[in-house]
Amino acid sequence: MVGGAAGAAGSVFVAGRQAFQSERGLGTLMLDRRQIRDNPDAVKTAVQVKGIDLDVDELIHLDKTTRALQHELDQAQARRKSSAKEFAKADDARRAELRAEHEELEGQLKTLRDQLAETTQKLQGQLLLTPTIPWEGAPVGPDESANVVIRSVGTPPEFGFKPLDHVELCEKRGWADFARARKVAGERAYALMADMVLLERAVHSYALDLLQAKDFTLVSVPSLVREEPLIGTGQFPAHREETYAITADDLYLAGTAEVALVGFHSDEILDHKRLPVRYAGISPCFRREAGSAGRDVRGLLRVHQFEKVEQFVICAADPAESDRWHAELLGTAEQLLQGLGLAYQVVECATGDMGAGKYRMNDINTWMPSLGAYRETHSCSSLHDWQARRANIRYRDTDGTVRFAYTLNNTAVATPRMLAALVENYQTSEAQVEVPAVLRPYLGGRELL
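Conventions used here
- Residues numbered from 1 in each chain as written.
- Predicted model: local features only at pLDDT ≥ 70, side-chain atom pairs only at ≥ 80, totals over all residues.
- Heavy atoms only, no water.
- Buried < 20%, exposed > 50% of the residue type's maximum accessible area, 1.4 Å probe, protein only.
- Helix = DSSP H or I, 4+ residues; strand = E, 2+ residues; numbered from the N terminus.
- Salt bridge = Lys/Arg side-chain N within 4 Å of Asp/Glu carboxyl O.
- Polar contact = N/O pair within 3.5 Å; in protein donor to acceptor, adjacent residues only side chain to side chain.
- Contact = heavy atoms within 4.5 Å.
- Axes fitted to C-alpha atoms, helices over the stretch in contact; angles between N-to-C directions.
- Parallel < 35°, antiparallel > 145°, perpendicular 65-115°, else oblique.
- Left-handed = near helix turned anticlockwise from the far one by under 90°.
- Nonpolar A, V, L, I, M, F, W, Y, C, P; charged D, E, K, R; others polar.
- Core = buried A, V, L, I, M, F, W, Y, C linked by side-chain atoms within 4.5 Å.
- Pairing = 2+ DSSP bridges.
- pLDDT = per-residue confidence, 0-100.
- Phe/Tyr/Trp six-rings, centres within 6.5 Å; stacked < 30°, edge-to-face > 60°.
- Lys NZ or Arg CZ within 6 Å of the ring centre and 35° of its normal.

This part takes up helix H10 (residues 257-264). Among the eight residues of H10, six are classified as buried, and the element is accordingly described as predominantly covered. For H10, the set of buried residues is Ala257, Glu258, Val259, Ala260, Leu261 and Val262.

Taken as a whole and assessed by the stated rule, the structure comprises 22 salt bridges. Salt-bridge contacts for Glu101 lead to Arg94; the nearest nitrogen and oxygen are separated by 3.4 Å. Residue classification places Glu101 among the partly exposed residues on the basis of a relative accessible area of 38%. One network of salt bridges, with partners in common, ties together Arg33, Arg37, Asp63 and Arg67.

What follows concerns the side chain of Thr415. Of note, Thr415 is situated in strand E14 (residues 406-415). Among the polar contacts made by the side chain of Thr415, one reaches the side chain of Glu200 at a distance of 2.7 Å. For Thr415, the side chain forms a polar contact with the side chain of His204, separated by 2.7 Å. The contact partners of Thr415, leaving out residues within four places of it in the chain, are Glu200, Val203, His204, Phe306 and Glu307.

Right, let's get into the packing of helix H4 (residues 56-89) against helix H5 (residues 92-127). Pairs of packed helices are described in terms of their axes, by the angle between the two and the distance that separates them. Between H4 and H5, the shortest axis-to-axis distance is 8 Å and the interhelical angle comes to 155 degrees. It follows that H4 is roughly antiparallel to H5 by the angle criterion. Considering how the two elements wind past one another, H4 and H5 form a crossing that is left-handed. Of the residues assigned to the contact of H4 with H5, the class counts are 14 nonpolar, eleven polar and twelve charged.

Among the nonpolar cores identified, the biggest contains 77 residues, and Met196, Leu199, Ile314, Leu342, Met418, Leu422 and Leu439 are the most heavily contacted of them. It is helix H8 (residues 195-213) that contributes the most residues to this core, nine residues altogether. The residues contacting Leu422, other than those within four sequence positions of it, are Val203, Leu340, Leu342, Val433, Pro436 and Leu439. Ile36, Val43, Leu54 and Leu127 belong to the second-largest nonpolar core, a separate cluster that totals ten residues.

Our focus in this paragraph is the sheet that holds strand E5 (residues 251-253). The sheet built from three strands is open, its strands ordered E3-E5-E4 with antiparallel pairing. Bordering the open sheet on either side are strand E3 (224-225) and strand E4 (244-246), each of which pairs with just one other strand. With three bridges connecting them, E4 and E5 associate as antiparallel partners. Pairing of Ile246 across the sheet is with Leu251, part of E5.

Turning to the confidence of the model for the chain, a few remarks are in order. Residues with a pLDDT of 70 or more make up 92% of the chain, whose mean pLDDT is 89. Here residues 1-30 scores under 50 on pLDDT; set against residues more than four positions off or in separate chains, the count is 65 contacts.

The geometry of an aromatic ring pair is captured by two quantities: the separation of the ring centres and the angle between the planes. If you walk through the whole model with that rule in mind, you get four aromatic pairs. Seen from their ring centres, Phe236 and Tyr252 are 5.0 Å apart, and the 80 degrees between their planes marks the pair as edge-to-face. One end of the pair, Phe236, is in the loop between helix H9 (227-233) and E4; the other, Tyr252, is in strand E5, and 16 residues separate them in sequence. For the cation-ring pair, Arg240 lies above Phe236, with the distance from its terminal atom to the ring centre recorded as 4.1 Å.

In structure tokens form, the structure reads like this:
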């Protein structure tokens, strides 16, 4: 799958994995403070290959300083407690001495608390940027240019006529109004109309029905979220600029249902019998798309508001179990695309493209005739316990041990980009669109739009 640099870095990741054995015998990659200071080289490698601006040596120094200050504070508090006991039994002369010592000790305690609070805040900021060690098969590279296609499925259509792109087709048929939408909401806005609204509903119903049949719980989640779940998912602090803020209410517009679904179980201890937790979250999604100017921005391809059904799983802290669910979520997305009859490619994402929290990430890119290329429609990610640690999602194992869970997510379907793919791939010479067989039951049996 990958070679050269990936193989060389892979040996570091394997060594890091072996070194990052949990004190509870989990054999997982839990980037807690002890493991970071015990295995700095593995963390430094992850920081380097993921392109993260983090000084691991400074993080370790802050950790050492924090622990030293905590030790001093504990000792000072112990002295104060001992002094209080002595005061109760002391004579007047000794009590006067103890009062003076107490005042001095209180000053020391305040200084230590202030220093500890400042250092701890800095340390927590660094820990929130610390990445998961990626799996050894991940291509090593700075961005998506290093991604590797691992399989292609289906054949792009060949047209006996000059095909239209989705914008031309939708405007010709009155299925979308881009100009009036931009008048209302600015650039990258759109308004679906008539049959395109029905097609969007059909696509989401198709995805929800398939996931429900796989025992996923359907959830319509809030799109307005607090800061905590955004920190839990890893969107904050590193990608804060990509999120719309409602400052008057200290709320934010989420870019995926995953944010709310991680937040659902924050600060909870689940029973192992509940695992795996499987959610199909549907929601409007909002993304500022900061820094994406000029990249596939025509029509429905890259917009600020869209609808998505997201697959989300919380499972036991077992790498093999996580790998199994990763394959399951990826397979479900492929099943959806195969049902829709769309050609696609599965991509192994490079270290610099996968983000800080990802252990492994596979994108699925679907064929877009107007671009003459495949474009991302799905992203499947395993995060091990990276999100669970941030959100404090735990479970009680069969032996009573409380462990951090593992989380995974993958797109089921996201519109309107999927609509662009459907109308472009299924258009006819009369500027109509054939309806894939799996969607016809949701459209009253119609074969053409």
